[in-house]
Amino acid sequence: MRVQGDAANIRHLFANICHSMTRGLPVLFHVKGIDIYAYPAFLFLGLTFGIVAGTAAGEAAGVSPRPLYAALLLLTIPALVGSRLLYVLTQWRFYRDHPSLVWARETGGAALYGGLLLALACSWPVLRLLGVRLGAFWDAATITILVGMVFTKIGCTLTGCCAGRPASGWFSLRLPNTDGVWCRRIPTQLLEAGLAVALLLGLLSWTAPFEGARFLTAVAIYAAARIPLGATREDVDRVAGVDVYATISGVLVLAAAATFAVLWWTTAHP
């Protein structure tokens, strides 16, 4: 059918674009002798646009933009550190033998949950100091995270980290993994980027019942979706046979749902 033929052409076009952009993986291009790597480049774009979008969303909700912007910038530091540390811990056998690569800037390798948990732990004193309400901040930060996720997952796709497992069929795309092995795979990174876009659009159009509701809802939905999405990856990180991210996802779903229920009840029945 013509529709199927058009879809196949689009898939092939996208695969060719990805292949041409990542030739010499993971370098995107060179600027005056400087290598521009895919993952840090898209991470930078994600942080830049994410912080701008989060500040705008918070201001629209009545949060003073200057302290909110400062808080987003400051808490980006523990977010980046935590995301890298959790990734390194799940790959400890490799990094134990290659310690110089733990903070290597040219490679991918970050775990969203590590950044979220460390930033969440650090947020209370920072927000108290800046005079920003906790729930209002994390509603805005959710927009920052989702916008950032869209960009970083593109970087993951080009670099090959978080690669989907080999597959055939109309839904698969020819993509690389971190070893530079190209084959038809489930486009796991793009599915996660699509999830981020869907969450972003849904949250922006939703009238939340209380401050922090957008954050808790996003955490619960993303964590629940992350369990089946994680199963599509080529490599599933396990410690002592336990799927690390599926376990964290399950805990986050329960914690976010329970917190939402308590706060919603408290708000509805003061």
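As shown above, the structure is provided for reference.
As the structure is a prediction and not an experimental result, all values here were calculated from the model.

Draft legend 1. Just empty space enclosed by the protein, in detail. Summed over the entire model, instances satisfying the criterion amount to 2 cavities of 30 Å³ or more. Its volume calculated, the largest cavity comes out at about 150 Å³. Around the largest cavity sit 13 residues that line it, and Leu116, Ile145, Ala218, Val219 and Tyr222 are the ones nearest its centre. Within the residue set of the lining of the largest cavity, elements represented by two or more residues are α5 (112-130), α6 (134-159) and α8 (213-230). Among the elements that make up the lining of the largest cavity, the one with the highest residue count is α8 (5 residues). For the lining of the largest cavity, the per-class residue count stands at 12 nonpolar, 1 polar and no charged. Of the pockets and cavities examined, the second largest cavity occupies roughly 50 Å³.

Draft legend 2. Quick look at the layout of surface pockets. When its volume is computed, the second largest pocket comes out at roughly 320 Å³. Lining the second largest pocket are 16 residues; nearest its centre among them are Leu120, Trp138, Phe215, Leu216 and Thr259. The set of elements that each furnish at least two residues to the lining of the second largest pocket consists of α5, α6, α8 and α9 (244-268). By residue number, the principal contributor to the lining of the second largest pocket is α9, which donates 5 residues. Residues belonging to the lining of the second largest pocket are distributed by class as follows: 12 nonpolar, 3 polar and 1 charged.

Basis of the calculations
- Residues numbered from 1 in each chain as written.
- Predicted model: local features only at pLDDT ≥ 70, side-chain atom pairs only at ≥ 80, totals over all residues.
- Heavy atoms only, no water.
- 1 Å grid on protein atoms, 1.4 Å probe; cavity = no way out; pocket = protein on both sides within 12 Å on 5 of 7 lines; lining within 4 Å.
- Points joined across faces, edges and corners; volume = space filled by probe spheres on them.
- Helix = DSSP H or I, 4+ residues; strand = E, 2+ residues; numbered from the N terminus.
- Nonpolar A, V, L, I, M, F, W, Y, C, P; charged D, E, K, R; others polar.

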